[in-house]
Amino acid sequence: MGDGAKATWDVFLSYSWSEYDLALRVERALGRGGLRVFRDEKDVREFQPITEELLAALDSSKVLLALYSRRYPTRYACQWELTRAFVAGQRLGDPRDRVLVVNVGHDEGHVQPIELQDAVHLSARGGHVDLDRLVARAREKVVAVSEPIGAGSGVDTTPLPARMHRPRRFVGRYPSMWQVHSALQAKNRRGVHAPTAASAVVVKGFTGTGKSWLAEQYAFLFHSAYPGGVHWIDLGGAQDVHGEFVSALRRTADDAWGLNLDGVEPDRVVSAVVRRLNDAREDTLWVVDDVPAGLDASVLHRLVIGSPYAHVVITTQEVVPTWGGPVVELPGLTDVEAEELFRPDWGDLDEHQRAALSRMVRRCGGHPLVLSATAVDLRTDVSGGHDRFTQRLDAVAVTVVDALRSRVRGVGATARTVLAAAAVLSEAPFEVALVERALAVDVPMALAELEDGSLVQRLDRVGVRGGTRSWRVHALVAEAVRREVPAEEFGAHAVRLADVLPDFLSSADAHRHARVLADHSAVSTRQRAVLLRAVAEFHSSHGDVVLAEEAATALVTVGAEARVDDLLLAGRTALGAGLYGVAGDRAASALELAKHDDNFRAAYRARFLLSRVHEQAGHYDDADEVFPPGRVPSWLPEHEAHLVRLGEVTRLRLRGAIREAKNEVVELLPLLPHDRLPTGPWPAAMIERTRLELALSEIVEARRTSGRLLAALAEVGATEHPAYLEATALDAEAQLQVALTEGGMREEEWDQAAKKVSALHADHVRRLGPDNPLTLQFAVAECLAMVNRGQPDVVRALTDDVLPRIDRVLGRDHTLYQRAEYGRAQALLQLGKTGEARDLLADLLPRRVATIGRDHLDTLVTRLDLGFAMILEGDEVTGRPHVFEAARNLHRQYGWFHEPAFRAKVTTLYGLLPRRVLVVLLAFVRLLDRKREP
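Residues numbered from 1 in each chain as written. Predicted model: local features only at pLDDT ≥ 70, side-chain atom pairs only at ≥ 80, totals over all residues. Heavy atoms only, no water.

Participant: Residue-level account of helix α18 (residues 443-452), with values.
Facilitator: Residues of α18 that are buried include every one of V443, A446, L447 and L450, and no others. Angular distribution of buried residues about the axis of α18 spans 100°; they occupy a single face of the element. Opposite the packed face of α18, turned more than 90 degrees from it, sit the exposed residues M445 and D452. Against the buried residues of α18 lie α16 (413-424), β11 (430-431), α17 (432-439) and β13 (470-472). (Buried < 20%, exposed > 50% of the residue type's maximum accessible area, 1.4 Å probe, protein only. Helix = DSSP H or I, 4+ residues; strand = E, 2+ residues; numbered from the N terminus. Arc of directions from axis to C-beta. Contact = heavy atoms within 4.5 Å.)

Participant: Lay out the sheet that holds β11 with the relevant residues and their values.
Facilitator: Picture the strands of a sheet paired through backbone hydrogen bonds; they go either parallel or antiparallel. Strand order in the open sheet formed by three strands is β11-β13-β12, and the pairing between neighbours is antiparallel. Of all the strands in the sheet, just β11 and β12 (457-458) have a single pairing partner and so form its edges. In the sheet, β11 pairs with β13 via two bridges, with the strands oriented antiparallel. Across the sheet, E431 pairs through a bridge with S470, a residue of β13. (Pairing = 2+ DSSP bridges.)

Participant: Hey, could you go over the pattern of salt bridges for me, with residue numbers and the actual values?
Facilitator: Under the definition given, this model contains 49 salt bridges. Between R483 and E479 there is a salt bridge, and its shortest N-O distance comes to 3.1 Å. Here R483 pairs with E479, and both are found in helix α19 (residues 475-484), just four residues apart, close to one helical turn. Under the relative-accessibility criterion, R483 is labelled partly exposed at 45%. We classify E479 as partly exposed; its relative accessible area is 27%. Overlapping salt bridges bring together E615, D624, E648, R651 and R655 as one network. (Salt bridge = Lys/Arg side-chain N within 4 Å of Asp/Glu carboxyl O.)

Participant: Break down the side chain of H242 for me, with residues and values.
Facilitator: Structurally, H242 can be placed in helix α8 (residues 241-257). H242 sits in the buried class, given a relative accessible area of 12%. Within the local environment of H242, its side chain forms a polar contact with the side chain of R302, the two groups lying 3.4 Å apart. With residues near it in sequence (within four places) discarded, H242 still touches P266, D267 and R302. (Polar contact = N/O pair within 3.5 Å; in protein donor to acceptor, adjacent residues only side chain to side chain.)

In structure tokens:
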């Protein structure tokens, strides 16, 4: 309802049918007072939709008058009416201006939410109310507002998970639901609650208390309070909670916003979601369901999305005291709530039946599953009469599993078989087609019977990655089935499911089933290996390095001895996770096994993997020894051949063969497909080309290459991928070089580029920590940017911090450590501390020669700067040979006046010579370059 809409009704009367007589009296009194009153004549049940008439009437009313009895919180329609009016009232100002409460109970404790407890309301104890006072209060409310309730409701476009629309028998729990809402909205009501650091609440309760149903019903009724959408993350059966959480965030970001986070580090996945929410500035609701009990508080806190627009509900059986956040504990159902479970089939219960139900509630602690299972058992026994009803209740088993075992025994043979097969899987949802393939029975009909008996839950996921028909078996139902079904039958189901599951491994849920089946004792070693291999490859392809490495570790321990292909897969996952030592050990083991088996193809792959590990560690000689350059064998599949050629490009660049490396990558790029962005080889090849063009001072070309890559990754939403971030940093480096070599030395471009690199470094420190290798790369890039910017004091401070970190993480022999040292030496030259710079460069030069070779560009500019430092210190005899050797090699590789040599000179002299002199010198060199062109 848009702005300026007029109200059709003054008062919308909300009541449960137990207060029908009181509602009639109130309606007549309000009418006599000149107020237009809407009162619904229908009793909307749990499985019935809210009618358009009811929706229109509520939205076109000015205020809602709730006859709040003890039965009112148990009624679906009442709570729908109250929540819609309350949420709309929050958007319009104070919800108490839109909701007037008549308390039909004996106290105020049952009135929810807490804001309505704080509001002044009228009493109707025993059904008696001061009607004159009520009419006066209602008139005050109506006169005080001009717009109808619908002006705060807006158009309901909030995206909802498909599971929100499925029928559910939700009885009671509305007070708990309002507690959840109050906790999530506490930071917006500082006058009522103390401020909270995050909008998160834990819903805890023993298994089967209806935590998930509460979260579903809350999301359904309150979704209009979250216009940014409702997102559901199911962690049932998760072995690595945070890894599964991040994996689900990746899928959600892709499904909801087209944000491609494949290959992005876990912490950056979370930060990317936070930035997306902060940019959209719309409240969202996140349900993190079925979290394993007893997790450390630090793990729980990592499930809270740190955005003011994210409101998180976590459901779990138990929460550690150190959690510190709000907790809503679900008790057992009350007598009144239990009556509501039986009312659809039995109508109003008499005094004896209510007494029998009350006895049962006390015996089972009000456990919802016991009560609902009993209600289902009695559904077909209505003809037995009230005496039969009482006898059955008094004879019901009071433990949940025993009550459910009774339900399991009552289903047909096919339904029991399907239920047993489903119980073998993990707690994650399963697809109908999977069980159909394994059992070859009428699974849909069996599931319909099981759903009617409340033994399975339908979780249709239409609209999510194509949509699937999925179902779930509650953990307590699975336990009941395990007690009823012989172990050998479970084993047979596990074997059949393990055989067919590899054909269904396209979803994260299926891979959770694979991990459970891989641990089943009845599953063969061959089947376990197939499942674990698929899990590792799936998560690796999506950039979930933690989950991939966990599965790969399990894979290499299957059976007496790991296969060589499995060792290679495990080595690649370890390398992707940054576990260089583990990756090296696995690659070495694969190589030994391949040699023993005379498997030359596996040996080739193992040597290539081992060389990549050595290069990551900066051990180039070891890399060359284990995998010397050579022709790519014709038997290698195309994708692997591309990776080997790309590895050769990297090898050439790291060893200083810049032109040769560029020629190779230019030849390779047209062969690389673009359909696997961002995880395919094309982005990595474009990064290599950009680096090489920068090294050759082909600045325009470098910016064109990086711009093309940035555009391609942005088009698929991969703006958080490491390739995108690295391309951004390289583009900034190109800007710095442009600013340096332009005659005007444009300050704006220089500052912009330097700030971009500094921002990337700060972002990585915040997201990944200061010791992460990628963070350290950006730290060194910032050092070199500040050198070019002429801020030597900043560079000294940065290198004081970063050099010990690189030493601790990568070692002093790593090229990154040497780059940081070089930046520090340049800063010392700019400060006029030429003696300190000379000593540092003299120590650095032989280590660079040993690591990357005598003719590498970085070695040459180090030698050049060392010569300049010696000359500035008055030692021309020693310094000149260094300058001449560097100049000869630079001339041989790049030409006399090519920018790499000149840039090194200018950078060294920056701060020692007036800027005017540098500008003239730059113009002179460009003039010489033009004269030398043919």
